[in-house]
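# Architecture at a glance
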Amino acid sequence: MEVTETQVDGTLVIAPRGRLDSNTAPEFEQRLLQSLTGKPRLVLDLAGLDYISSAGLRVLLMAAKKVKQGQGRLALCELQAPIREIFEISGFLSILDVRATRAEALAELAA
Amino acid sequence: MALEQTFTLVNDLSEIPRLAEKVEALGEQGHLTARQVYQINLVLDELLTNVMSYGYTDGQRHTIDIHLNLEPAARLTAVLSDDGRPFNPLEQAPHAVLEGELDERPIGGLGIHFVRTLMDEVHYQRRDGRNILTLAKNLDPE
């Protein structure tokens, strides 16, 4: 799995590529934790994410809880269709801020 | 003619990408949709990750046998067999919490929820010191 990080007007955009499964989730969790200090303002762009399992969803849930504790903001965007369906089955669409595009997610956090 | 894949994984999470390769190969041969391949892969990943993570306490190398069968009548069956401790995921896995606020959602329990939701049949038996899970999914045309 590859992860790219970009700063856009004070918002950190993290874009994982490839597979987020039990094999890669621990590494991604460590990477994400480093960005969740203080009062984080974070967009997770999942355009390049081809696969996520419950191990990956667990990391996203952990991140969302940490962001909330720190009174930060988190939005997710650009979910591929099968991944969006898994979010739906997991009941994640009602607890996470999921936007269609990166631009929408950035606009939401800047508001 | 039915398409089949029989393979063995060792109890190490680094094997999970190999599982994906096998499912993708079968999906390609059987002209499954990307969505179907994803869902089959996810269910098998969840069950095998569980076995690899919690099934063994002796620190030894074990093998898990997997047999996939894609019937022409648009039905996939999978048989997973491992020699880990007795574990029936249908009864012993925690239940997922799918509603409520962020703070009320436990971290865990989603894996078996996917198995139940995405498969049409799941059957567990303990036989000859092995856990044997048989799963079936009807592959309706999409």
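Here's a quick rundown of the structure.

This next bit is on the interface of chain B and chain A. Counting residues at the interface gives 27 residues for chain B and 26 residues for chain A. Summed over both sides, the interface between chain B and chain A buries roughly 2300 Å², with carbon and sulfur atoms accounting for 60% of that surface. The interface formed by chain B and chain A contains 2 salt bridges. Inspection of the chain B/chain A interface yields 11 residue pairs in polar contact (both at pLDDT 80 or more). For the side of chain B that touches chain A, the secondary-structure elements that each account for two or more residues are α1 (16-29), α2 (34-54) and α4 (110-118) of chain B. For the side of chain B that touches chain A, the element with the highest residue contribution is α2(B), accounting for 8 residues. Grouping the constituent residues of the side of chain B that touches chain A by class yields 13 nonpolar, 8 polar and 6 charged.

In this section: the environment of G100(B). For G100(B), the location among the structural elements is in the loop between α3 (89-92) and α4. Given a relative accessible area of 34%, G100(B) falls into the partly exposed group. The sequence separation of G100(B) and L9(B) amounts to 91 residues, and the corresponding C-alpha distance is 38 Å. Discounting residues that sit within four places of it in the chain, G100(B) has contacts with I95(A) and R105(B).

To continue, consider the pattern of salt bridges. Residues and elements named next belong to chain A. For the coordinates displayed, the defined rule picks out 12 salt bridges over all chains. A salt bridge links E5 to R31; the nearest nitrogen and oxygen atoms lie 3.1 Å apart. Here R31 lies in helix α1 (residues 25-34) and E5 lies in strand β1 (residues 2-8), a separation of 26 residues in the sequence. According to the relative accessible area criterion, R31 is partly exposed, its value standing at 33%. If you follow the salt bridges from partner to partner, you end up with R73, D97, R99 and E108 in one network.

Here we take up the packing of aromatic side chains. Tallying each qualifying case throughout the model produces 2 aromatic pairs over all chains. The interplanar angle of 40° and the centroid separation of 5.0 Å between the aromatic rings of Y51(A) and Y38(B) together place this pair among those described as tilted. Residue Y51(A) is found in strand β4 (residues 49-52), and its partner Y38(B) is found in helix α2; the two belong to separate chains. What makes Y38(B) buried here is its relative accessible area of 6%. Consider the rings of F87(A) and F92(A), whose centres lie 5.9 Å apart with planes at 80°: the pair is edge-to-face. Accessibility assignment for this pair places F87(A) and F92(A) in one class, buried. Sitting above the plane of the Y51(A) ring, R19(A) keeps its charged end 4.2 Å from the centroid.

Now for the sheet that holds strand β5 (residues 130-138) of chain B. All names here are of chain B. On the basis of which strands lie adjacent, the open sheet formed by 5 strands has the order β1-β2-β3-β5-β4 and antiparallel pairing. Of all the strands in the sheet, the pair left with one neighbour each is β1 (3-10) and β4 (121-127). Averaged over neighbouring strand pairs, the angle between their axes works out to 15° when direction is ignored. In this structure, strand β2 (residues 63-71) lies alongside strand β3 (residues 75-82), joined through 7 bridges in antiparallel fashion.

The next thing to look at is the side chain of Q39(B). Following the sequence through the fold, Q39(B) ends up in helix α2. Relative accessible area serves as the criterion here: at 4%, Q39(B) is assigned to the buried category. Only 3.4 Å separates the side chain of Q39(B) from the side chain of E85(A), close enough to count as a polar contact. Ignoring any residue separated from it by four or fewer positions in sequence, one finds Q39(B) in contact with E85(A), L118(B) and K137(B).

Residues and elements named next belong to chain B. Sheet topology places β1 next to β2; 8 bridges connect them, and they run antiparallel. Note that in β2 the partner of T8 across the bridge is D65. Where β2 folds back onto β3 in an antiparallel hairpin, the turn is made up of 3 residues, including A74, whose phi is positive at roughly 55°.

With that settled, consider the pairing of β4(B). Residue and element names in this part refer to chain B. In the sheet, β4 pairs with β5 via 7 bridges, with the strands oriented antiparallel. By the bridge assignment, Q125 is partnered in β5 with I132. A loop of 2 residues connects β4 with β5, the two strands running antiparallel in sequence, and D128 in this loop sits at a positive phi of about 50°.

Definitions and cut-offs
- Residues numbered from 1 in each chain as written.
- Chains lettered and ligands numbered in written order.
- Predicted model: local features only at pLDDT ≥ 70, side-chain atom pairs only at ≥ 80, totals over all residues.
- Heavy atoms only, no water.
- Contact = heavy atoms within 4.5 Å.
- Buried area = accessible area lost by both parts, 1.4 Å probe.
- Salt bridge = Lys/Arg side-chain N within 4 Å of Asp/Glu carboxyl O.
- Polar contact = N/O pair within 3.5 Å; in protein donor to acceptor, adjacent residues only side chain to side chain.
- Helix = DSSP H or I, 4+ residues; strand = E, 2+ residues; numbered from the N terminus.
- Nonpolar A, V, L, I, M, F, W, Y, C, P; charged D, E, K, R; others polar.
- Buried < 20%, exposed > 50% of the residue type's maximum accessible area, 1.4 Å probe, protein only.
- Phe/Tyr/Trp six-rings, centres within 6.5 Å; stacked < 30°, edge-to-face > 60°.
- Lys NZ or Arg CZ within 6 Å of the ring centre and 35° of its normal.
- Pairing = 2+ DSSP bridges.
- Axes fitted to C-alpha atoms, helices over the stretch in contact; angles between N-to-C directions.

That is the geometry; function is a separate question.
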